[in-house]
Amino acid sequence: MIQAVFGDALLDPASGDTAKDAVVVIEDGRVKGAGKRDATQVPKDAEKIDASGLTLLPGLIDCHVHLTSLGEGLDLARELTTPPTFELMRAVRAARRTLDAGFTSVRDAAGSPAGIKMAIEQGYFPGPRMFVTVSALSQTGGHTDSHFMCGADLDIPLPDRPYSVVDGVENMRVRVREVIRAGADWIKLCTSGGVLSPGDQPHHAALTIEEIKAAVEEARVHGRKVMAHAQANAGIKNALKAGVSTIEHAIWLDGDAIEMMLDGRNGLVPTLVAPHWVIRHAEAGKMPSYAIAKAKAVIDDHKASIKLAIESGVKVAFGTDTGVGPHGSNGEEFLLMHELGMEPLDCIRAATNVAAETIGMSGVGSLEPGCWGDLIGVAGDPVADLQLLARPDNVKLVVKGGDVVKRGLN
Ligand SMILES: [Zn+2]
């Protein structure tokens with residue numbers, strides 16, 4: 001099967017070059033050639049996909065989503081009446097909306113068992129290519145400990161989604177092995193408190209360096225890396241000292257933490273849009289009061305922290321924590337990154353080639369020959385206008401592995 005997508009232009013984020021009158025040729029799901037039409041061979045029997053009026057670019061990557069989370073606020077009564085099977089089905093709709101927004105690859109930062117990724121791969125329902133972390137590991141009372149003060153525990157472990165609370169070095173090794181056994185591509189740890197959890201504070205560190213190191217070592221043995229939900233300054237530093245590969249949220253970076261991040265061995269995933277959604281949901285009456293107060297307290301510090309990181313040249317990869325906000329709204333993050341000083345082309349790189357490199361997913365974020373035929377089309381130059389990537393309506397064409405999965409009105 002050969003497809004040829006004919007667009008007005010083709011943006012290569014890595015080089016920043018835009019080719020006019022472009023074509024992308026995809027054979028058996030993989031890019032065979034891409035560039036100017038007069039310099040790219042198009043086989044006669046190729047199925048022609050008309051993308052006139054559109055600029056083509058690689059499918060976008062979101063390095064931090066939660067496909068099984070609803071993204072419509074936190075309603076504890078609703079969670080209590082949601083069977084685990086229904087929770088999984090949320091991912092079907094979320095996966096569709098994520099694709100429609102132009103995101104053809106994601107790293108799920110907890111919640112999605114490996115079965116969701118497998119079902120998408122085998123064509124049971126449309127969705128992005130996935131890396132999964134399955135369960136996010138935290139200490140007792142930490143970010144993913146779902147015990148409430150009444151004594152109820154909302155985290156019901158499933159056979160393929162191991163329990164997420166862990167204390168002590170040896171237990172950490174066991175838990176990491178369990179998560180890997182369940183099919184995790186990445187290990188997710190919580191090295192600080194968070195906004196949506198009832199019993200902890202974002203500015204408090206969590207897990208000991210020894211526990212984090214044990215997870216990193218265990219992950220490495222199995223060819224995995226570790227991502228850390230890290231908001232507190234001490235939690236960020238502990239994670240970096242222990243060898244974690246990506247820092248998520250990073251509300252309180254300082255000069256020392258940034259210096260540690262400049263060694264090139266790790267990346268920052270800001271998720272700037274997440275606290276905005278907590279506040280928006282709160283204004284609509286869909287958030288418990290503890291989360292509202294915490295979101296309002298962190299939002300300005302978060303911006304200052306990420307601004308400092310951008311100015312200092314820290315490697316920033318695109319991530320949204322969607323599942324806090326509604327699925328499909330991922331693109332708003334582009335505008336917030338730009339607001340904090342990132343050039344539009346760098347924002348696009350953060351969601352393409354830099355994201356692919358940061359999470360180690362091969363064949364995505366680029367339309368070099370051999371990469372997956374994942375691309376999107378927008379009506380204009382996204383480097384001149386990031387709005388073109390910010391809203392699902394503005395993404396007119398989405399192709400995944402050569403298949404047209406969204407065709408909007410130009
Ligand atoms: Zn998250």
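It should be emphasised that the depicted structure is a prediction, and the values quoted were computed from it without experimental measurement.

Calculation notes
Residues numbered from 1 in each chain as written. Predicted model: local features only at pLDDT ≥ 70, side-chain atom pairs only at ≥ 80, totals over all residues. Heavy atoms only, no water. Helix = DSSP H or I, 4+ residues; strand = E, 2+ residues; numbered from the N terminus. Buried < 20%, exposed > 50% of the residue type's maximum accessible area, 1.4 Å probe, protein only. Areas by Shrake-Rupley, 256 points an atom, 1.4 Å probe, with all protein chains shown as cover. Pairing = 2+ DSSP bridges. Contact = heavy atoms within 4.5 Å. Axes fitted to C-alpha atoms, helices over the stretch in contact; angles between N-to-C directions. Donors = N, O, S within 2.8 Å, 3.2 Å for Na, K, Ca; no water. Phe/Tyr/Trp six-rings, centres within 6.5 Å; stacked < 30°, edge-to-face > 60°. Lys NZ or Arg CZ within 6 Å of the ring centre and 35° of its normal. Parallel < 35°, antiparallel > 145°, perpendicular 65-115°, else oblique. Left-handed = near helix turned anticlockwise from the far one by under 90°. Core = buried A, V, L, I, M, F, W, Y, C linked by side-chain atoms within 4.5 Å. Right-handed = clockwise from strand over helix to strand, strands pointing away. Salt bridge = Lys/Arg side-chain N within 4 Å of Asp/Glu carboxyl O. Disulfide = S-S within 2.5 Å.

Caption draft 1: Structural context of the overall build of the protein chain. Summing up its helical and strand segments, the protein chain has 13 helices and 15 strands in all. Dimensions of the protein chain, computed from C-alpha atoms along their principal axes, come out at roughly 65 × 45 × 45 Å. Looking at the protein chain residue by residue over its 410 residues, the buried ones come to 59%. In the structure as shown, the protein chain presents an accessible area of about 16000 Å², 53% of it carried by carbon and sulfur atoms.

Caption draft 2: Region of interest: the sheet that holds strand β8 (residues 136-137). Strands sit in the order β8-β9-β10-β11-β12 across an open sheet of 5 strands; the sheet is parallel. Each edge of the sheet is formed by a strand with only one pairing partner; in this case those strands are β8 and β12 (267-269). Of the strand pairs in this sheet, strand β11 (residues 246-249) and β12 are connected by 3 bridges, and their pairing is parallel. Within β12, the position partnered with T246 by the bridge is G267. Where helix α5 (residues 209-221) meets the sheet, it contacts β9 (186-190) and β10 (225-230), and its direction lies at approximately 150° from that of β10.

Caption draft 3: The sheet that holds strand β7 (residues 129-132), seen in detail. Spatially, 3 strands are ordered β5-β6-β7 in an open sheet, and the strand pairing comes out parallel. Edge positions in the open sheet fall to β5 (60-65) and β7, since each of these has one partner strand only. Pairwise comparison of adjacent strand axes, ignoring direction, gives a mean angle of 15° for this sheet. Bridge analysis of strand β6 (residues 103-108) against β7 gives 4 bridges, and the strand direction is parallel. By the bridge assignment, D108 is partnered in β7 with V132.

Caption draft 4: Summary view of the coordination of the zinc ion. Distances from the zinc ion to its protein donors, namely H64 (NE2), H66 (NE2) and D321 (OD), fall within the range 2.1 Å. Donor residues for the zinc ion, ordered by position in the chain, follow H-x1-H-x254-D. The pair formed by H64 and H66 is uniform in burial state, with each residue classed as buried.

Caption draft 5: The packing of aromatic side chains, seen in detail. Scanning the entire structure with this criterion turns up 3 aromatic pairs. Across from the ring centre of W372, 3.8 Å away, lies the NZ or CZ of R30, which sits over that ring. In this structure, R107 is placed above the aromatic ring of W186, and the distance from its NZ or CZ to the ring centre is 4.5 Å.

Caption draft 6: View of the packing of α5 against helix α6 (residues 233-242). The geometry of α5 relative to α6 is characterised by a closest axis approach of 9 Å and an angle of 45° between their N-to-C directions. Taken together, the axis directions place α5 and α6 in an arrangement best described as oblique. For the pair α5 and α6, the sense of crossing is right-handed. Facing I209, I212, K213 and V216 of α5, the residues of α6 in contact are N238, A239, K241 and A242.

Caption draft 7: Fine view of the side chain of T40. With respect to the element layout, T40 can be found in the loop between β3 (30-36) and β4 (47-58). Contact partners of T40, with chain neighbours within four places excluded, come to V23, V25, G33, A34 and G35.

Caption draft 8: Inspection of the nonpolar core at higher detail. One finds I187, I247 and L268 to be the most contacted residues of the largest nonpolar core, which totals 90 residues. Element by element, the count of residues in this core is highest for helix α9 (residues 289-312), at 8 residues. Beyond its immediate sequence surroundings of up to four residues, I187 is in contact with L137, V176, V179, I180, A219, R224, K225, V226 and M227. Among the nonpolar cores identified, the runner-up in size contains 14 residues, and V24, V31, L54 and L397 belong to it.

Caption draft 9: Representation of α6 in the model. For α6, the tally of buried residues reaches 7 of 10 residues, placing the bulk of the element in the interior. Positive backbone phi, at 95°, marks G243, one or two positions downstream of α6.

Caption draft 10: Here's a closer look at the pairing of β9. Within β9, 5 of the 5 residues are buried, which leaves the element mostly enclosed by the surrounding structure. Because side chains alternate across β9, one face comprises the buried residues W186, K188 and C190, and the other comprises I187 and L189, equally buried. As paired strands, β8 and β9 are joined by 2 bridges and run parallel to one another. Note that in β9 the partner of A136 across the bridge is K188. Chirality of the crossover, the property in question, places the unit of β8, helix α4 (residues 169-181) and β9 among those that are right-handed. Across 5 bridges, the pairing between β9 and β10 is parallel. Bridging across to β10, W186 finds its partner in K225. Traced from β9 through α5 to β10, the parallel crossover comes out right-handed.

Caption draft 11: Region of the structure containing the pattern of salt bridges. Per the stated rule, a full pass over the model turns up 22 salt bridges. The residue E248 makes a salt bridge to R107 at a minimum N-O spacing of 2.9 Å. Highlighted residues: E248 in strand β11 and R107 in strand β6, separated in sequence by 141 residues. An identical accessibility class is assigned to E248 and R107; each is buried.

Caption draft 12: Up close: the state of the cysteines. Within this structure, the stated rule accounts for 0 disulfides. No disulfide involves C190; its sulfur sits 17 Å from the nearest other cysteine sulfur, which is in C63. The class for C190 is buried, based on a relative accessible area of 0%.

None of this, on its own, says anything about what the molecule does.
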